[in-house]
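Residues per chain are reported as follows:
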Amino acid sequence: SDQAYEIKKACQHLQTRPQVEYPFDILPSHKLTGRLFGKQAKDTYFMLRDDVVYMNHGAFGATPIPVFDTYQEWQREFEREPVQFMSGNYFSYLYDNIIALSDFIGADPEDVHLVENATTACNTVLKSLDYTVESNIVHVNGYGAVNNAIKQISEKKGIEYRTISDDPPIDIENLLLMWEEYIDDNTTLCVIDHISSTNAFVYPIEKFIEIAHNRYFFNTFVYLKRRGKPVLVDGAHTVGQIDINMREIGLGYLYIILTNQ
């Protein structure tokens, strides 16, 4: 998106900047005491009512107390001097976020961009690609907003989108076969969840990416040619649950969201 580009452009000169002094301790006072589960984790890290068993962390909250306290402290820091905050160290703070995030997901900082949310990230990729009348998009049925974005861009460009059903019970071998069958010379993009938002299934994305990147097809002029198709992975539920290294798995695109999980 234009905003992501402007943020990245403004951050470029910060690569050799002096270390920024932070206005407060960015490591919350609630020191994490290790991996807690169940009621102990709920009582220690969340503000949920006693009578609530919350099972929908993938939608809206619930925000861990250390994260919530830090988020509020940033709001207070902004309100103390809004103009100085925005025109002073704002981009330094953003750049530090990019560095920390790229290290966490095993990516190069220049490949990490900050956008408003996962839907924006998905649309940024979909709308940045070049399509022809013969193009197609292959995707495993995923989050509703992603499905709608793929449908919208396909209808707008007059291209085909090929949906692979993820209805349970999931047969991963069958999904891989369909994925391989659906991808052809005209496939512009392949899309798949890492952890499904509908059934919490963990897809072996390395296998799907290998097929998209390394399989071959027959061509009239070139007997064998690598497909090398880019893969867009919806990683909205990935970070914090599964270790990921983008350099190792060779993703074309990965979009994640850190604001609500």
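Reading guide: rules and limits
- Counting restarts for each chain: residues are numbered from 1 in the order of the written sequence.
- Local features in this predicted model are restricted to residues of pLDDT 70 or higher, and side-chain atom pairs are both shown and tallied only at a pLDDT of 80 or more, whereas totals for entire chains, interfaces and linings draw on every residue.
- Heavy atoms from the whole structure form the basis of all side-chain values; hydrogens and water molecules are not counted.
- Throughout this description, the term salt bridge denotes a Lys or Arg side-chain nitrogen within 4 Å of a carboxyl oxygen of Asp or Glu.
- Helix and strand assignments come from DSSP, with helices taken as H or I runs of at least 4 residues and strands as E runs of at least 2, each series counted from the N terminus.
- Only protein chains enter the calculation, and the probe is 1.4 Å; a residue is then buried if its accessible area is under 20% of its type maximum, exposed if over 50%, and partly exposed in between.
- What makes two strands pair is DSSP finding at least two bridges between them.
- The charge count includes Lys and Arg as positive and Asp and Glu as negative, but it does not include His or the ends of the chains.
- Nitrogen and oxygen atoms within 3.5 Å of one another constitute a polar contact, given that in protein one can donate a hydrogen and the other can accept it, and given that sequence-neighbouring residues count only through two side-chain atoms.
- Here, residues are in contact when the closest pair of their heavy atoms is within 4.5 Å.

Asks: I'm lost on the pattern of salt bridges in this one. Help?
Replies: Any two side chains of opposite charge can pair, on the condition that their charged atoms come close. Taken as a whole and assessed by the stated rule, the structure comprises eight salt bridges. Across the pair K39 and D43 runs a salt bridge whose closest N-O atoms are separated by 2.6 Å. On the criterion of helical spacing, the pair formed by K39 and D43 is a turn pair, its members being four residues apart in helix α2 (residues 38-45). Since its relative accessible area comes to 42%, D43 is described here as partly exposed. We note a salt bridge from E77 to R80, for which the minimum N-O separation is 2.8 Å. Of this pair, E77 and R80 both sit in helix α3 (residues 65-80), three residues apart, roughly one helical turn. A relative accessible area of 19% places E77 in the buried class. Each of E73, R76, E77 and R80 takes part in salt bridges that share partners, so that together they form one network.

Asks: Any chance you could explain unusual backbone geometry here in plain terms?
Replies: Of all residues except glycine, most have a negative phi; of all peptide bonds, most are trans. Cis rather than trans, the peptide bond between P168 and P169 has omega equal to -5°. Relative to the elements of secondary structure, P169 occurs in the loop between β2 (160-164) and α8 (172-182). Of note in the backbone geometry, A200 takes a positive phi value of approximately 65° without being a glycine. Looking at where A200 falls in the secondary structure, it is placed in the loop between β3 (187-193) and α9 (205-214).

Asks: Teacher, can you tell me more about the pairing of strand β6 (residues 231-234) here?
Replies: Regular strands place their side chains on alternate faces of the sheet. In β6, alternate side chains face the same way, and those of V231 and V233 on one face and L232 and D234 on the other are all buried. Here β3 pairs with β6 via four bridges, running parallel. Bridge assignment links I192 to a residue of β6, and that residue is V233.

Asks: How do you make sense of the side chain of K42 when you look at a structure like this?
Replies: Locating K42 in the fold gives a position in helix α2. Although K42 is buried, it makes no salt bridge; D50 carries the closest opposite charge, 5.3 Å away. In terms of polar contacts, K42 uses its side chain to reach the backbone carbonyl oxygen of R49, at 3.0 Å. Excluding its chain neighbours within four sequence positions, the residues that come into contact with K42 are L48, R49, D50 and V52.

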